[in-house]
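If you want the building blocks of each chain, they are given just below.
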Amino acid sequence: MVDGRIVFIGDSITELWGFHRAATFAAYDLIPRGGSGQTARWITMRFRRDLEETGARGVHLLCGVNDIGRNEGVFVPAEEIARTLAGMLDEARALGVKAWVGSIMPAARIPWNPAVKDAPAMIAAVNTWLRDHAHEHGATFIDYHAVLATESGALRAKYGTDGLHLSPAGYAAIEPLMLSALGRVPPGSRPAVPRTRLAGRRFIALAAAAAVVLAVIAGWVLGTR
């Protein structure tokens, strides 16, 4: 767990997360620093500045899909994307900033670039590397993909807007995982019991107590006959 601010650095997924779930970010002292369309390489150019400007003691990194989408006009291998992410995690560690890295979100295709035919395989390759190696770079891996994906690696329709970007429901679905990983909510914590359920439990308890009292009275009456 990290006391104080945690900055979320990433692309449009992070930018929209901060917009759609602004109340969550405010409640848990999280700072969104997303940049629409930015590749991991572009994000490296502002990574240190974002850490220093926010004064955050923790960083949540989530990017890479725009590299797969060839936003810089060239094909970027999964291995290169992984190296770029690892470099930022190493930089955070060198600065004494605790890091978390999120999996790339699921997508059957890249909406803005139909020329990319192997998006699920590329996403899976980067996520597998992060799962296996993030700890070597001082970071904790958070697997959002497992919550959001179909068996084929597509984004579940109820969680997305265009097959890649998340809807408010998608962000709500992954927030418990995120908050637990960041230590903002204790792992295994139980949700609050609704008032109606508490009222029902009190009624059952009172009824049971009344039954015991009646049984005692009845036994006393029978015993005095």
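This is a predicted model, so every value here is computed, not measured.

Colleague: Just give me the short version of helix α6 (residues 119-133), but keep the residues and values in it.
Modeller: Given a rise of 1.5 Å per residue, 15 residues ought to cover 21 Å, and the 21 Å separating the end C-alpha atoms of α6 matches this to within 8%. Along α6, the residues that are buried comprise Ala119, Met122, Ile123, Val126, Asn127 and Leu130. What you see down the axis of α6 is that its buried residues fit within an arc of 125°, all on one side.

Colleague: Explain the nonpolar core residue by residue, including any values.
Modeller: Residues Trp17, Val59, Leu61 and Leu85 are the most contacted members of the largest nonpolar core, which totals 57 residues. Of all the elements, helix α5 (residues 78-94) adds the most residues to this core, at six residues. In contact with Val59, not counting residues within four places along its chain, are Ile6, Val7, Ile9, Phe47, Leu51, Ala92, Val97, Lys98, Ala99 and Trp100.

Colleague: Quick rundown of unusual backbone geometry? Include the residues and the values.
Modeller: The backbone phi angle of Asp29 is positive, close to 60°, even though this residue is not glycine. With respect to the helices and strands, the residue Asp29 is situated in the loop between α2 (22-27) and β2 (30-34). Located in the positive-phi region is Arg70, a residue other than glycine, with phi close to 60°. Tracing the backbone through its elements, the reader meets Arg70 in the loop between α4 (65-68) and α5.

Colleague: So what's going on with the packing of aromatic side chains? Which residues, and what values?
Modeller: How two aromatic rings sit relative to each other is given by the distance of their centres and the angle of their planes. Summed over the entire model, instances satisfying the criterion amount to five aromatic pairs. Their ring planes at 65° and their centres at 5.0 Å tell us that Phe8 and Phe25 sit as a pair that is edge-to-face. Linking Phe8 in strand β1 (residues 6-10) with Phe25 in helix α2, this pair joins segments that are 17 residues apart in sequence. Phe25 carries the same exposure label as Phe8, and that label is buried. The interplanar angle of 75° and the centroid separation of 6.2 Å between the aromatic rings of Trp17 and Phe25 together place this pair among those described as edge-to-face. Grouping residues by exposure puts Trp17 and Phe25 together as buried. When the ring centre of Trp100 is taken as origin, the NZ or CZ atom of Lys98, which lies over that ring, is 5.2 Å away.

Colleague: I'd love a proper account of the side chain of Ser12, names of residues and values included.
Modeller: Assignment of secondary structure puts Ser12 in helix α1 (residues 12-20). For Ser12, a relative accessible area of 8% puts it in the buried group. Leave out the neighbours within four places in its chain, and Ser12 touches Gly35, Ser36, Gly37, His165 and Tyr171.

Colleague: Mind laying out the sheet that holds strand β3 (residues 58-62), listing which residues take part and the relevant values?
Modeller: As summarised here, the arrangement of the five strands in space is β2-β1-β3-β4-β5, forming an open sheet in which the pairing is parallel. The open sheet is flanked by β2 and β5 (139-142), the only strands paired with a single partner. Taken pair by pair, the neighbouring strands of this sheet meet at an average axis angle of 20°, ignoring direction. Where β1 meets β2, five bridges bridge the pair, whose relative direction is parallel. Bridge pairing links Ile9 to Arg33 in β2. Of the strands in this sheet, β1, β2 and β3 are in contact with α1, which crosses β2 at around 140°. Along the sheet, α5 makes contact with β3, β4 (98-102) and β5, crossing β3 at roughly 175°.

Colleague: Give me the lowdown on α5, citing residues and values where you can.
Modeller: Taking 1.5 Å as the rise per residue, α5 with 17 residues should run 24 Å; its terminal C-alpha atoms sit 24 Å apart, in good agreement. Those residues of α5 that sit buried are Ala78, Ile81, Ala82, Thr84, Leu85, Ala86, Met88, Leu89 and Ala92. Elements that come into contact with the buried residues of α5 comprise α3 (40-54), β3, α4, β4, α6 and β5.

Colleague: Residues and numbers for the packing of α3 against α5, please.
Modeller: Two elements in contact, α3 and α5, have axes separated by 10 Å at closest approach and are oriented at 10°. By the angle between their axes, α3 is roughly parallel relative to α5. Between α3 and α5, the residues in contact are Ala40, Arg41, Ile43, Thr44, Phe47, Arg48 and Leu51 and Thr84, Leu85, Met88, Glu91 and Ala92, respectively. In the contact of α3 with α5, the residues fall into seven nonpolar, two polar and three charged.

Colleague: Tell me about the packing of α1 against helix α8 (residues 168-182), residues and numbers included.
Modeller: In the contact formed by α1 and α8, the axes pass within 11 Å of each other and the chain directions differ by 95°. Classified by the angle between their axes, α1 and α8 sit roughly perpendicular to one another. Where α1 approaches α8, its residues Ser12, Ile13, Leu16, Trp17 and His20 are matched on the opposing element by Pro168, Tyr171, Ile174, Glu175 and Met178. In terms of residue class, the contact of α1 with α8 is made up of seven nonpolar, two polar and one charged.

The rules behind the values
Residues numbered from 1 in each chain as written. Predicted model: local features only at pLDDT ≥ 70, side-chain atom pairs only at ≥ 80, totals over all residues. Heavy atoms only, no water. Helix = DSSP H or I, 4+ residues; strand = E, 2+ residues; numbered from the N terminus. Expected span 1.5 Å × (residues − 1). Buried < 20%, exposed > 50% of the residue type's maximum accessible area, 1.4 Å probe, protein only. Arc of directions from axis to C-beta. Core = buried A, V, L, I, M, F, W, Y, C linked by side-chain atoms within 4.5 Å. Contact = heavy atoms within 4.5 Å. Phe/Tyr/Trp six-rings, centres within 6.5 Å; stacked < 30°, edge-to-face > 60°. Lys NZ or Arg CZ within 6 Å of the ring centre and 35° of its normal. Pairing = 2+ DSSP bridges. Axes fitted to C-alpha atoms, helices over the stretch in contact; angles between N-to-C directions. Parallel < 35°, antiparallel > 145°, perpendicular 65-115°, else oblique. Nonpolar A, V, L, I, M, F, W, Y, C, P; charged D, E, K, R; others polar.

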